[in-house]
Each structure stands twice: as structure tokens, then as C-alpha cells.
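Residue strings, one per chain:
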Amino acid sequence: MTLNIHWRLDPAAEPQRLEPAARPPLPALVRDRRAPSQNRFDYYLQVADAVAQTAFDGLFIRHRIEADESRIIAAVVARAVPRLVVVPEFPASVGSAVYAAKQAATCQRGTHGRLGWALAPDADRDEREAAADFIDEEDLGLRADEFLTVARGVHGERPFTFQGHHFEVLNGGFEAPLNQHPFPRIFLQGEEDEALAQSARHADVHLFRPAPADVLAERIARLNGLAEAEGRRVAAGLIQPLVAREDRESAERAARSIPLAAGTLVASYDGAAELLANAVAAGVSELVLEAAPTLEEAYRIGQHVLPRLRARAGSARQAA
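Small disclaimer: the values here were computed from a predicted structure and weren't measured.

(A) Up close: the overall build of the protein chain. Regarding its fold elements, the protein chain presents 11 helices and 11 strands. Taking 320 residues into account, the globule formula puts the C-alpha radius of gyration at 20 Å, and the protein chain, at 21 Å, falls close to it. A principal-axis box enclosing the C-alpha atoms of the protein chain has dimensions of 65 × 60 × 40 Å. Put simply, the protein chain has 320 residues, and 47% of those count as buried. For the protein chain, contacts bridging at least 24 residues in sequence account for 70% of all contacts bridging at least 6. Split by element, the accessible area of the protein chain, about 16,000 Å² in all, is 50% carbon and sulfur. Charge separation in the protein chain, taken as the distance between the mean sites of 36 positive and 45 negative side-chain charges, equals 7 Å.

If you want it as C-alpha cells, here you go:
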């Protein structure tokens, strides 16, 4: 089992980072005639460079309605940082599944196949309606199902015809060169039975929330059973926020100054590596790690936790 480790970027976090609009105003008598030479995208590239330099395998980019579009960030990053896999997160409400598939095919051509897709969890009704999405709650799962069916279908088949509740295609499908690269790996998430069943039908990777290794093992077994019934195999992943320092006391001290997401792992470098290796031993093969501040922590976790984790995970695989 190959272990892939990704870092997660939140475009809405730390808005002061290289964002001209977030800079403090100049005094009234001061006029700055310099054209701005850097903006928010330079910060995204700094993070991507840190991720690549510290041997992460990829960069996840969260969907934030109030921030820059994740798929455009991914395209910019992927061309500038050649080694990284880029996985933008976006909702199934983005529009035409055919056009989304065309965008993905174009990005795959431009990045030599380094694009993934992560469907974002559905927002609550108020947030969806603020984004002009008025779909009924009970139709959200069906729309995501149809979106993925159509997007993969037009990429891999010609002619492709589909008639559903939300999407309809008649004699569609891509020709060369758009169909000459693999379809992006699909990352889905959720703990409920409905989410696991959807991943069994469509996902390449299913991402779980933080949980003890024995709980993860039970959830992964459930996922594997559903995928096997569909004649498919789905890799298991874990989204893990963390605070790691040289020792546990330093990590706890740092954590007290940070709003912690649910399930945040607070540990020494060795402790974090050991707990993450336990998740790998339970069946996780894709890790999505995140911490704040994003740039500095990408270096810290990449330099201090990843080597320890890969050594432990490799030993566990050899022992098995």
C-alpha cells in the first residue's frame, strides 16, 4: 500500500498574507505610487513551494465561498510547482458536469495528469441559497451522484447519453485530445452510511474525520464491504488537523493560542508520527494534514513529522 501525504490550504485563512486590501491604510499625507508586485496568489505559491520542498505528495485546496476559487488556485499552483498533485475542493453545485469535466481534462493536459477532485460537503440551506443554489435537501445526494456519473461518462465514453433528474446529455463525450489523460482521482468524505455508499459507487478515495485507529478500522471495513458489492476498490483517507512540536508540553502550549478544529492532534513530533502510523496500520493510505499558520506549519510538519511517519509506516507494512 502506497502512502500519500497531502497538505491542506484554506484560501480564506490568514487574509493578511500578501493581500493588498488587508494591508493597513497609509497615513493621509503619504501616497504610495508603487504598483503592487505581490498579491494573494504569491502566498498560495509560497505554501505550495513549502509543501513540495518538504516532500509532501500533494496540496488540497479547500472550497470557501468567500475566498478565491479553488480550481483556479489549483491550476496556477500546478503549473508553477511541477511535482505536486493538486486537489481542489468544490461543490456539485458548480454548474454543468460536462463543462466541469472539460475544465478537468484541460487541467490534466496542462499538468500532465496531476489533478484530483474533492467534492465539498454540502453547505447548509442558508449558505447554499446565498450562492444561488436552491436545490431541495433531499436531492443533494442525487445531484452529486449524477454530477460524477456525467463528468466521468463524457470523459470516458463517446457517444455518451444520460438522462437524470439534474443532468441530461445526448450523444456527448470528448474526443482527442481531451480524453487522452486519466480522469481526476475523486475524493469524497463523510461518516454516514449514505456518504460511504456514494463513495463505493464513485470515489477513488474516501476521507474520514479524525478518530481512534480501531474506530477508523471499523469504518474502513464498512467502506470496503460497500465498494466490493459495487465491484470497486476505494482507498481510505484521513483529514487530520494537528499541532506538533518537539515535545508534548510545547505542543500543548502552542495549541492554547490557536482555535482548534474538532479532532486536532496535539503531540510531539514522535507522538504525532506514531498516531498517524497507527491510522495507516488501520488501513488509511491517504493523509490530508493541516495546521495554522499554514506556511510555517507546512515546513515544520514536513521537516519533522513526515520523515518519522514514513519510517514508522514503512516498518509497519514490512511487519505485516
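On we go.
(B) Here's a closer look at the environment of G141. Checked against the element boundaries, G141 lands in helix 5 (residues 140-156). Separated by 49 residues in the primary sequence, G141 and A92 place their C-alpha atoms 9.5 Å from one another. If we skip the residues at most four places from it in the chain, G141 touches E194 and Q198.

(C) Quick peek at a negative patch on the surface. Together, E66, D124, D126 and E127 make up a negatively charged patch on the protein surface. Tracing the chain through its elements places D124 in the loop between strand 4 (116-119) and helix 4 (125-130).

(D) Broad picture of helix 10 (residues 294-304). Listed as buried for helix 10 are T294, L295, E297, A298, I301 and G302. An end-on view of helix 10 places all buried positions within 165° of arc, on one side of the element.

(E) Seen up close, helix 3 (residues 97-111). If you check helix 3, its first and last C-alpha atoms are 21 Å apart, about what 15 residues at 1.5 Å a residue would give, namely 21 Å. Along helix 3, the residues classified as buried are A97, A100, A101, A104, A105, C107, Q108 and T111. The buried side chains of helix 3 occupy one side of the element, clustering within an arc of 165° when seen end-on. Check the buried side of helix 3 and you find it contacts helix 2 (70-80), strand 4 and helix 5. A side-chain oxygen of the first residue of helix 3 lies 3.2 Å from the backbone nitrogen of V98; this N-cap is S96. Immediately downstream of helix 3, the backbone of H112 shows phi near 60°, a positive value.

(F) Representation of the pairing of strand 11 (residues 284-290) in the model. Across the 7 residues of strand 11, 7 count as buried, placing the element largely inside the fold. Examined bridge by bridge, strand 1 (residues 4-9) and strand 11 share 4 bridges and lie parallel to one another. Residue pairing across strands places N4 opposite E286, the latter belonging to strand 11. Two elements, strand 9 (residues 235-245) and strand 11, share 6 bridges in a ladder whose sense is parallel. Its bridge partner being in strand 11, G237 is matched across the sheet by E286.

(G) The arrangement of the nonpolar core in detail. If you look at the biggest cluster of nonpolar residues, it comprises 81 residues, and the most contacted ones within it are W7, L59, W117, F147, L287, L289 and I301. Setting aside residues up to four positions removed in sequence, F147 forms contacts with F90, A92, V94, G95, S96, A97, A100, W117, L119 and F167.

(H) Looking closely at unusual backbone geometry. Here R158 and P159 are connected by a cis peptide whose omega angle stands at 0°. If you trace the backbone, P159 turns up in the loop between helix 5 and strand 5 (160-163). Of the consecutive residues A176 and P177, the connecting peptide bond is found in the cis state with omega at 10°. Phi is positive for E14, close to 50°, though the residue is something other than glycine. Summarising the element assignment, E14 is placed in the loop between strand 1 and helix 1 (40-53). Even without a glycine there, the phi angle at N171 is positive, about 55°.

(I) How the structure looks around the pairing of strand 4. Residues of strand 4 alternate between two faces, with G116 and A118 on one and W117 and L119 on the opposite face, all of them buried. The sheet contact formed by strand 3 (residues 85-90) and strand 4 spans 2 bridges and is parallel. Considered in strand 4, the bridge of E89 is made with A118. As for the winding sense of the linkage, the β-α-β connection from strand 3 through helix 3 to strand 4 is right-handed.

About the thresholds
- Residues numbered from 1 in each chain as written.
- Predicted model: local features only at pLDDT ≥ 70, side-chain atom pairs only at ≥ 80, totals over all residues.
- Heavy atoms only, no water.
- Helix = DSSP H or I, 4+ residues; strand = E, 2+ residues; numbered from the N terminus.
- Rg over C-alpha atoms; globule rule 2.2 N^0.38 Å.
- Buried < 20%, exposed > 50% of the residue type's maximum accessible area, 1.4 Å probe, protein only.
- Contact = heavy atoms within 4.5 Å.
- Areas by Shrake-Rupley, 256 points an atom, 1.4 Å probe, with all protein chains shown as cover.
- Lys, Arg positive; Asp, Glu negative; His and termini not counted.
- Charge placed at Lys NZ, Arg CZ, Asp CG, Glu CD.
- Patch = residues over 30% accessible without salt bridge, like charges linked within 9 Å, V, L, I, M, F, W, Y side chains within 5 Å.
- Salt bridge = Lys/Arg side-chain N within 4 Å of Asp/Glu carboxyl O.
- Arc of directions from axis to C-beta.
- Expected span 1.5 Å × (residues − 1).
- Polar contact = N/O pair within 3.5 Å; in protein donor to acceptor, adjacent residues only side chain to side chain.
- Pairing = 2+ DSSP bridges.
- Core = buried A, V, L, I, M, F, W, Y, C linked by side-chain atoms within 4.5 Å.
- Right-handed = clockwise from strand over helix to strand, strands pointing away.

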